[in-house]
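An overview of the molecular structure
Take a look at the letters that make up each chain.
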Amino acid sequence: MRKVVGLIVNPVAGMGGSVGLKGTDGGMYERALELGATPVTPQRTHQLFDHVSGRDEIRLLVAPGKMGEHYAGGVGLPFSVVGEIGEETSASDTKRLAREMVDHGAELLIFVGGDGTARDICDAVGTEVPVVGVPAGVKIFSAAFALSARAAADMVDAFVGGVDVTEEEVLDIDEDAFRDDRLASKLYGYLLVPEVRKFLQPGKAASNVGRSATETKQAIAAHIIEEMDPEILYLFGPGTTAKAITDQMGLSKTLLGVDAVLAGELVGEDVNEKGILDLFKGCSQRKIVVTPIGGNGFIFGRGSKQFTPEVIRQVGRENIIVVGTRDKVSQLDCLRVDTGDLALDEALSGYVEVTVGYREAMVMEVKYR
Amino acid sequence: MNVVKLDMNEMPYAPPQHVIVAAGKGLSDLNRYADAQGLRQLRELLAEYAGVSEHHVVLSPGSDFLLREIIHAFSRERQVVTVSPSFLPTVQIADRFAPKRLGIRLSPPDFGLDPDLLISALEPLSLVIIDNPNNPTGQILLDRGLVATIAERQETLVVVDEAYFEFSGVTCAQLVTDHPNLCVVRTLDKAFGLAGARVGYAIAGEVFLNALSSFYVSLPQTSLYAATEALQNSGYMRRNVSRIVRERERLWQALRTLGACVYPSNANFLLLKAQVPDMAQRLRELDVWVSDMSNQLPLGYIRVSVGTREENKMFATRYNQVVCGS
């Protein structure tokens, strides 16, 4: 029985790069064309299928025309076309087609594009089915992408072979800021991806010996739970590592929100600043549990806007618990804060311990500019 | 096309003829284990080379075996403190066997280690293992003063991995005489160009000697003969180290000229931060092997061993080819 795999290509992704533009959001696509930009996605899509080896086990659902169908004929896989598109394509096409493919039974979605495409896929299907992101954007920040088209092929093969899946981050990049050489990104959501050691050379050992991301998160959770004090109010920030802790406690946490736990009970779900400050009135001892955003290392100021300067000040630097898997933390040069309050950012800077496993920590520098 | 192998920090020059001849003599004794007298002689030579008494020297078939043994022996009741990135086997062994671990992150641009941070991170019962120069950054993280300061804490055990000592000239080996809780681990794999012989050794303080006394060590005959000869006539090693240091600086300059982000080094390798995240894989496809550091550092970091001039030129050419083609 062949696996049903969807393919969506964003035909304009990456076109800004060759002509010095950073991204094709807004009116930049037309500007890229004026400057003589050529499509990037055909090459990436061909590279992907050139390296997929499990060809006898895949049946493709492809988007029409330049969003997929144009490539399907040459890859030698059985395919059928899903949906319709017009002359010009947009984000709404990506979202609609992703939804339709899942409704038509796609078990895996391959998308070729950039961070914007990943956000569209995230909007459309969330974590319903695993995806493989083939990087074709100008600059890719979201951890949900494969390292290269070849690595994406490995992920497709791994999915066909039945590996586990894991959540990876999708970031919201402000392309206007990026054009000004400022990296303004925040956590947007999560996609499920096949869990493979895609970045390593053949035979190269990983730093986390034989452990999957899921197992590492469970180890972190066990450590944090062991250290928890029933008298203290814990605020768990967004992310899968924080969620692994509440999962292990048998509590239902929102993936992108801030949730509050006291004495093993969920006392606040997806709380905002006001909700947090209200909770503080009954609890003099508080701790925040946060995980850095993959790729840029922000622990405050991006992705957890509920942790306002007022909230952080009332908790205190010494009561901030940073958690993250070693593989994720290893990808960071440092941690960062950008709360919008310079004095607080300065107070948060310095060294902190990041819990990366059961009774295992890494000391990292927090920077603020 | 021949592979340009720059991924294991090996000496690119073959051992001299007198060492090869000595190893050949070992072949004729292959029916016997290495005899105690020969092993004793090697320990004496290593002690003389390190400037300590023979009593402090422990042999091992590779320095990673010693690190493994030390972690086995001492980590059960102690917090193991390492830096990150570090020599990967140390990280892996600690990860597997030490119940409590702390890594101190080294960050660009200098990848330095703040002495106050290190000291403040220590619990009363700690086992500190630091490679000096650090692998893969090539940075000197410890000087004798800092090692002595840490070793003054008698409950703390300090292990300094000096695998690349000959390229840096920085050592704290002689401190073991006054600090029983200090151990320096070295190897003949790198500067002596005997990676295939796998001869490691510890210069150990009394606490470590007691623990390692049950660590029975023999060596293959060929390794014993080669190591003994190499230490008795070590001029070739010093010449090769000088050549590698000159080539390292030449390669560093060439890469800077190409616009590469390459860090200064005190070892026989360089650390680079490439803008191409799968640089190591791309170079491998061009038959140039380097070490991908993405298991300990962000994507794009690679470590390249300093090779012969031709190998270094090939690396720089291929590196530039990948950068320009991306």
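Residues numbered from 1 in each chain as written. Chains lettered and ligands numbered in written order. Predicted model: local features only at pLDDT ≥ 70, side-chain atom pairs only at ≥ 80, totals over all residues.

Brief notes about the overall build of chain B
For chain B, the helix and strand inventory stands at 12 helices and 13 strands. Computed over the C-alpha atoms, the radius of gyration of chain B is 20 Å, within 12% of the 20 Å expected from 2.2 N^0.38 for a compact globule of 326 residues. Overall, the C-alpha framework of chain B stretches about 55 × 55 × 30 Å when taken along its three principal axes. Out of the 326 residues in chain B, the part that is buried amounts to 52%. (Helix = DSSP H or I, 4+ residues; strand = E, 2+ residues; numbered from the N terminus. Rg over C-alpha atoms; globule rule 2.2 N^0.38 Å. Buried ≥ 20, exposed ≤ 12 C-beta atoms within 10 Å, placed from the backbone.)

Here we look at the environment of Gln 331 of chain A
Its place among the elements puts Gln 331 of chain A in the loop between helix H12 (326–330) and strand E14 (335–337). Assessed through the 23 C-beta atoms surrounding it within 10 Å, Gln 331 of chain A is described here as buried. Spatially, the C-alpha atoms of Gln 331 of chain A and Asn 296 of chain A are 8.8 Å apart, while their sequence positions differ by 35 residues. Residues within four places of Gln 331 of chain A in sequence aside, it is in contact with Gly 294 and Gly 295 of chain A together with Pro 298 and Leu 299 of chain B. (Contact = placed C-beta atoms within 7 Å.)

Structural notes on the sheet that holds strand E9 (residues 261–262) of chain B
All names here are of chain B. Within the open sheet, the four strands sit side by side as E9-E10-E13-E12. Their pairing is antiparallel. Both edges of this open sheet fall to E9 and strand E12 (291–292), since each of them pairs with a single strand only. As defined by bridge partners, strand E10 (residues 269–273) adjoins strand E13 (residues 301–305) across five bridges and the pair is classed as antiparallel. Residue pairing across strands places Lys 273 opposite Tyr 301, the latter belonging to E13. Together, E9 and E10 form the strand contacts of helix H10 (residues 235–257), whose direction differs from that of E10 by roughly 15 degrees. (Pairing = 2+ DSSP bridges. Axes fitted to C-alpha atoms, helices over the stretch in contact; angles between N-to-C directions.)

What to know about the pairing of strand E5 (residues 126–131) of chain B
Residue and element names in this part refer to chain B. Within E5, six of the six residues are buried, which leaves it mostly tucked inside the rest of the structure. When strand E3 (residues 79–84) meets E5, the two strands line up parallel, connected through three bridges. By the bridge assignment, Val 81 is partnered in E5 with Val 128. For E5 and strand E6 (residues 157–161), the ladder comprises five bridges, and the chain directions are parallel. Paired with Val 128 across the two strands is Val 158, which belongs to E6. Taken together, E5, helix H6 (residues 144–151) and E6 form a β-α-β motif whose crossover is right-handed. (Right-handed = clockwise from strand over helix to strand, strands pointing away.)

Observations regarding the domain arrangement of chain A
Residues and elements named next belong to chain A. Taken domain by domain, chain A comprises domain 1 (3–194) and domain 2 (213–367). On the side of domain 2, 12 residues touch domain 1, which itself brings 13 residues to the contact. Secondary structure elements with two or more residues in the side of domain 1 that touches domain 2: strand E6 (165–173) and strand E7 (185–194). Each residue belonging to the side of domain 1 that touches domain 2 can be placed in one class, and the counts come to six nonpolar, three polar and four charged. (Domains from an automatic or database assignment. Nonpolar A, V, L, I, M, F, W, Y, C, P; charged D, E, K, R; others polar.)

Considerations on the nonpolar core
All names here are of chain A. In this structure, Leu 109 and Val 289 are the most contacted members of the largest nonpolar core, which totals 205 residues. Broken down by element, the residue count for this core peaks at nine residues, all from helix H6 (residues 149–161). Each residue touching Val 289, except ones within four places of it in the same chain, is listed here: Ile 224, Tyr 234, Leu 235, Phe 236, Gly 237, Ala 242, Ile 245, Ile 321 and Val 323. (Core = buried A, V, L, I, M, F, W, Y, C linked by C-beta atoms within 7 Å.)

Digging into the confidence of the model for chain B
It should be kept in mind that the predicted coordinates are not to be read in detail where pLDDT is low. Averaged over every residue, the pLDDT of chain B is 95; the share at 70 or more is 99%. Among the scores for the predicted complex, ipTM is 0.85 and pTM is 0.81. (pLDDT = per-residue confidence, 0-100.)

Side note on helix H4 (residues 88–97) of chain B
Those residues of H4 of chain B not exposed but buried are Thr 90, Val 91, Ile 93, Ala 94 and Asp 95 of chain B. On its buried side, H4 of chain B packs onto helix H3 (63–74), E3, strand E4 (100–105), E5 and E6 of chain B.

As for the interface of chain B and chain A
Accessible area lost upon the coming together of the parts serves often as the stated size of an interface. Between chain B and chain A, the residue contacts involve 29 residues of the former and 23 residues of the latter. A total of six residues in the side of chain B that touches chain A trace back to one element, the largest contributor, which is E4 of chain B. Tallied by class, residues from the side of chain B that touches chain A come to 13 nonpolar, eight polar and eight charged.

Points about the confidence of the model for chain A
Summing up the model confidence of chain A, the mean pLDDT is 84 and the portion of residues at 70 or higher is 84%. Low confidence marks residues 198–209 of chain A, where pLDDT is under 50. Its contacts with residues over four positions away, or in another chain, come to 35 contacts.

Focus: the domain arrangement of chain B
Residues and elements named next belong to chain B. Domain parsing of chain B yields domain 1 (4–12 + 236–325) and domain 2 (17–232). For domain 1 versus domain 2, the distance between C-alpha centres works out to 25 Å. Each partner contributes residues to the interface: domain 1 has 21 residues there, and domain 2 has 20 residues. The set of elements that each furnish at least two residues to the side of domain 1 that touches domain 2 consists of H10 and E10. No other element matches H10, which puts five residues into the side of domain 1 that touches domain 2.

Thoughts on the sheet that holds strand E2 (residues 58–62) of chain A
All names here are of chain A. Strands sit in the order E3-E2-E1-E4-E5 across an open sheet of five strands; the sheet is parallel. For this open sheet the edge positions go to strand E3 (79–81) and strand E5 (131–135), each flanked by a neighbour on one side alone. Put simply, the sheet's adjacent strands are angled 20 degrees from each other on average, direction ignored. In terms of strand pairing, strand E1 (residues 3–9) meets E2 through five bridges, oriented parallel. When the bridges of E2 are listed, Val 4 appears paired with Arg 59. Most of the contacts of H6 go to E5, to which it runs at about 170 degrees, and overall it touches E1, E2, strand E4 (108–113) and E5.

Concerning unusual backbone geometry
If a residue is not glycine, its phi is most likely negative; likewise, a peptide bond is most likely trans. Residue and element names in this part refer to chain B. The step from Ser 84 to Pro 85 runs through a cis peptide bond, and the omega angle for that step is 5 degrees. Its place among the elements puts Pro 85 in the loop between E3 and H4. Residue Pro 109 follows Pro 108 across a cis peptide bond; omega there is 10 degrees. Mapped onto the secondary structure, Pro 109 falls in the loop between E4 and helix H5 (115–121). Despite not being glycine, Phe 111 has its phi angle at roughly 50 degrees, a positive value. With respect to the secondary-structure elements, Phe 111 resides in the loop between E4 and H5. On the neighbour-count criterion, Phe 111 (21 C-beta atoms within 10 Å) is buried. Positive phi is not limited to glycine here, since Asp 287 has a value of about 65 degrees. With respect to the helices and strands, Asp 287 occurs in the loop between helix H11 (279–285) and strand E11 (288–289).

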